[in-house]
Amino acid sequence: MIVNWLAHDHRRGDSPIHRLPAWSKLGVGLVLITGSVAVPPLWHGWFIGVGLVLGLVTVLSQLPLLFLLKRLLLLSPFVFGVALVNAFQPGAVMEWRFLVLRSFLCLLTVVLVSNTTPFSHVLRVLRAVRMPTLLITTLALMHRYLFVLVEEAGRMQRARASRSFVPNRSARWQTLATVASQLFVRASERAERIYDAMCARGWK
Amino acid sequence: MKPVIEVNHLSCTYHDGTRALCEVSFQVAEGECVGLLGPNGSGKSTLLLHLNGLLPEQPTSDGAVRIHGQPVTDTNLLEVRRQVGLLFQDPDDQLFCATVAEDVAFGPVQLGLRGAALEERIDHCLARVGLTGFGHRATHHLSHGEKRRACLAGVLACEPSVLVLDEPTSDLDPRGRREFKALLREIPATKLIATHDLEMVVELCSRVIILDQGRVVAQGPTADLLGDEPLMLAHGLERPHILQHRHPHVLRPGPTA
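Cut-offs used in this document
- Residue indices follow the written sequence of each chain, beginning from 1 at its first position.
- Going through the entries in the order they are written, you letter the chains from A and number the ligands from 1.
- Given that this is a predicted model, residues contribute local features only at a pLDDT of at least 70 and side-chain atom pairs are listed and counted only at 80 or more, while totals for whole chains, interfaces and linings are drawn from all residues.
- Values reported for side chains reflect all heavy atoms of the structure, with hydrogen atoms and water molecules removed beforehand.
- Only runs of H or I of at least four residues qualify as helices and only runs of E of at least two qualify as strands under DSSP, and these elements are numbered from the N terminus.
- Residue count minus one, scaled by 1.5 Å, sets the expected span of a helix.
- Between buried and exposed lies partly exposed: a residue is buried under 20% and exposed over 50% of the maximum accessible area for its type, with that area taken using a 1.4 Å probe on protein chains only.
- Think of a nonpolar core as a cluster: buried Ala, Val, Leu, Ile, Met, Phe, Trp, Tyr and Cys residues, connected wherever their side-chain atoms sit within 4.5 Å.
- By the convention used here, residues are in contact when the closest approach between their heavy atoms is within 4.5 Å.
- Should DSSP find at least two bridges between two strands, the strands are regarded as paired.
- Here, axes are lines fitted to C-alpha atoms. For helices the fit covers the stretch in contact, and angles between N-to-C directions go from 0 to 180 degrees.
- Pairing of aromatic side chains requires ring centres within 6.5 Å, counting the rings of Phe and Tyr and the six-membered ring of Trp. Pairs whose planes differ by under 30 degrees are stacked, by over 60 edge-to-face, and all others tilted.
- The rule for a charge over a ring is simple: NZ of Lys or CZ of Arg within 6 Å of the ring centre, and within 35 degrees of the ring normal.
- We define a salt bridge as a side-chain nitrogen of Lys or Arg found within 4 Å of a carboxyl oxygen belonging to Asp or Glu.
- Count a disulfide wherever a pair of cysteine sulfur atoms falls within 2.5 Å.
- Accessible area, probed at 1.4 Å, shrinks when two parts are joined; the buried area is that loss added up over both.
- Here a polar contact is taken to be a pair of N or O atoms separated by no more than 3.5 Å, where protein atoms must pair a possible hydrogen donor with a possible acceptor and residues adjacent in sequence count only if both atoms sit in side chains.
- Classes in brief: Ala, Val, Leu, Ile, Met, Phe, Trp, Tyr, Cys and Pro nonpolar; Asp, Glu, Lys and Arg charged; the others, Gly included, polar.
- The pLDDT value tells you how sure the predictor is about a given residue, anywhere from 0 up to 100.

Caption draft 1: Region of the structure containing helix H3 (residues 22-38) of chain A. In this model H3 of chain A runs 24 Å from its N-terminal to its C-terminal C-alpha over 17 residues, within 8% of the 24 Å that 1.5 Å per residue would give. All of the buried residues along H3 of chain A are Ala 22, Ser 24, Lys 25, Gly 29, Leu 32, Gly 35 and Ser 36 of chain A.

Caption draft 2: Looking closely at the nonpolar core. Membership of the largest hydrophobic core comes to 47 residues, with the highest contact counts inside it found for Leu 152, Leu 184 and Leu 226 of chain B. Setting aside chain neighbours within four positions, we find Leu 184 of chain B in contact with Leu 152, Leu 165, Pro 168, Lys 191, Ile 193, Met 200 and Leu 204 of chain B. One finds Ala 200 of chain A together with Val 34, Leu 51 and Ile 67 of chain B within the second-largest nonpolar core, a separate group that totals 43 residues.

Caption draft 3: Looking closely at the sheet that holds strand E10 (residues 215-221) of chain B. All names here are of chain B. Spatial ordering of the open sheet is given by E6-E7-E8-E3-E9-E10, a layout of six strands whose pairing is mixed. Unpaired on one side and paired on the other, strand E6 (84-87) and E10 mark the two borders of the sheet. Taken pair by pair, the neighbouring strands of this sheet meet at an average axis angle of 15 degrees, ignoring direction. In the sheet, strand E7 (residues 162-166) pairs with strand E8 (residues 190-194) via five bridges, with the strands oriented parallel. Bridged to Leu 165 within E8 is Ile 193.

Caption draft 4: Quick look at the packing of aromatic side chains. Under the definition given, this model contains three aromatic pairs over all chains. Measuring from ring centre to ring centre gives 5.9 Å for Trp 203 of chain A and Phe 106 of chain B, while their planes differ by 20 degrees; the resulting arrangement is stacked. Residue Trp 203 of chain A is found in the segment after helix H9 (169-200), and its partner Phe 106 of chain B is found in helix H4 (residues 100-110); the two belong to separate chains. For Trp 203 of chain A, a relative accessible area of 24% corresponds to the partly exposed category. A ring pair is formed by Phe 96 of chain B and Phe 106 of chain B, whose centres lie 4.7 Å apart and whose planes are at 85 degrees; its orientation type is edge-to-face. With Phe 96 of chain B in the loop between helix H3 (91-94) and H4 and Phe 106 of chain B in helix H4, the pair connects residues that are 10 residues apart, well separated along the chain. In this structure, Phe 96 of chain B and Phe 106 of chain B share a single accessibility class: buried. Here Arg 144 of chain A stacks its cationic end above the ring of Tyr 145 of chain A, 4.9 Å away from the centre of that ring.

Caption draft 5: Fine view of the pattern of salt bridges. The final tally for this structure, using the stated rule, is 15 salt bridges over all chains. Connected through salt bridges with shared partners, the residues Glu 152, Arg 186, Arg 190 and Arg 193 of chain A together with Asp 90 and Asp 93 of chain B form a single ionic network.

Caption draft 6: Structural context of the state of the cysteines. Residues and elements named next belong to chain B. Applying the stated criterion across every chain yields a total of zero disulfides over all chains. Of all cysteine sulfurs in the structure, the one in Cys 97 sits closest to Cys 151, which takes part in no disulfide; the separation is 11 Å. With no disulfide of its own, Cys 158 lies 8.5 Å from the sulfur of Cys 125, the closest cysteine sulfur. The class for Cys 158 is buried, based on a relative accessible area of 6%.

Caption draft 7: Structural context of the interface of chain B and chain A. Facing 28 residues of chain B, the contacting portion of chain A comprises 23 residues. Summed over both sides, the interface between chain B and chain A buries roughly 2,400 Å², with carbon and sulfur atoms accounting for 55% of that surface. The interface formed by chain B and chain A includes five salt bridges. Among the salt bridges present, the one from Arg 190 of chain A reaches Asp 90 of chain B, with a minimum N-O distance of 3.4 Å. One can count 10 residue pairs in polar contact (both at pLDDT 80 or more) joining chain B with chain A. The dominant element in the side of chain B that touches chain A, judged by the number of residues it contributes, is H4 of chain B, at five residues. Tallied by class, residues from the side of chain B that touches chain A come to 12 nonpolar, 10 polar and six charged.

Caption draft 8: Examining the sheet that holds strand E1 (residues 3-13) of chain B more closely. Residue and element names in this part refer to chain B. Ordered by their spatial adjacency, four strands build an open sheet running E2-E1-E4-E5, and the pairing between neighbours is antiparallel. Two strands close off the open sheet at either side, each with one partner strand: strand E2 (19-29) and strand E5 (70-71). Relative to E2, E1 runs antiparallel, the two being bridged by seven bridges. Opposite Leu 10, over in E2, you have Val 24 as the bridge partner.

Caption draft 9: Region of interest: the side chain of Ser 36 of chain A. Residues and elements named next belong to chain A. With respect to the secondary-structure elements, Ser 36 resides in helix H3. Exposure remark for Ser 36: the relative accessible area of 1% places this residue in the buried category. Apart from the residues within four sequence positions on either side, Ser 36 is in contact with Trp 46, Phe 47, Val 50, Arg 102, Leu 105 and Cys 106.

Caption draft 10: Geometry of the side chain of Thr 73 of chain B. Residues and elements named next belong to chain B. Of note, Thr 73 is situated in the loop between E5 and helix H2 (77-83). Look at Thr 73 and you get buried, because its relative accessible area is 13%. Discounting chain neighbours no more than four positions away, the residues touching Thr 73 are Pro 59, Thr 60 and Ser 61.

Caption draft 11: Looking closely at the confidence of the model for chain A. Averaged over every residue, the pLDDT of chain A is 83; residues scoring 70 or more account for 88%. Within chain A, no element has a lower average pLDDT than helix H1 (residues 2-6) of chain A, which sits at 51, and none a higher one than H3 of chain A, at 93.

Caption draft 12: Local environment of the pairing of E10 of chain B. Residues and elements named next belong to chain B. For strand E9 (residues 207-212) and E10, the ladder comprises six bridges, and the chain directions are antiparallel. Of the residues in E10, the one forming a bridge with Arg 207 is Pro 221. Remark: two residues form the turn of the hairpin made by E9 and E10, two consecutive strands paired antiparallel; Gln 213 in that turn has positive phi of roughly 50 degrees.

This is how it looks when you write it as structure tokens:
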């Protein structure tokens, strides 16, 4: 179930990496990602260095490898899509390989930082660096209700499955569309109720 | 006694033409605990939203709803919301922050509380609802009962003088219901509880208001109304089990239990 892939808060570990302050992890993560995107492909030393750092962090963080691979797999379709387009460009064989390498390092950094830092700590850092409040509120609400929406979709999916007796591909797509539209309507109505709940406690 | 909530000829029609409330009038005195009963769709939740100034979208100054004698208008909306704590029916609507502590702090932060005073308020409110040590927990990983209590802590953190609760014990298991009722009993604020939990009404409320199709069809002492089986059945309710096994004279709950 996709919600299990998203639920990193359950993995509240107590490794040395988990104990590091959020700002340091975000800072180092930002440097690694910016560097991996910006350095020329010939700087092999950089990529090897970043690879070693991320390998060390992976070991120290005590995150299960299978879990990390699942997370990477979840995020990789975008990377593979871009790499695939690049692969068919004339004379771009090396380029797509580097593109995959850069993306892999960036994704691994993101996965490691996000799974060793509670989201509320990330928001605290963003607040400290004076990111606009509206953006922080949007991020906080998105993170909070992502789980509610996924669970709601799961319940609707189960309800659909329990009354789907005949395998029919077109009917299945039709029902899926109905579920998606219902989910949209419910999310919109929930958004209104959440806004009311915020106003009820003095939101201006 | 001084009325804290006054509703006079309140009517409400939704955009789609549904008449939700029609000439609703009642009062709730200071310290009273009143039950708001009625079948599904009778207008209970709509009525509660009016008491917090969330409906109508553009508050009027006609004085249809008065809190502590003041009509709910655009100018005093924030003060009304500070005075009236509203507990929503679905805890997931109300717990919109990432952690329990952040959610409890939401109201006090809006009121300008910061630093040690804020921390103290959070700890106090969590302790009050029996959630000491839950501050760091993610709100989406709480059980339903814990979510309910976290919601109540968030409401209490604004120190309201009136508590308006929308089906506070729905979806709770018997132990959760019992614990939540005990919590409510300890809160001295004026309370208006919309619910289908008639046993809770018998235990906590001295008076009930019955709403049906947007109209107040009856209001009076709990034992009198809930013991009137034809009235209850006529409005989609039933005589609570607890009344059938007690001597009617024993059942006279205090003004606020």
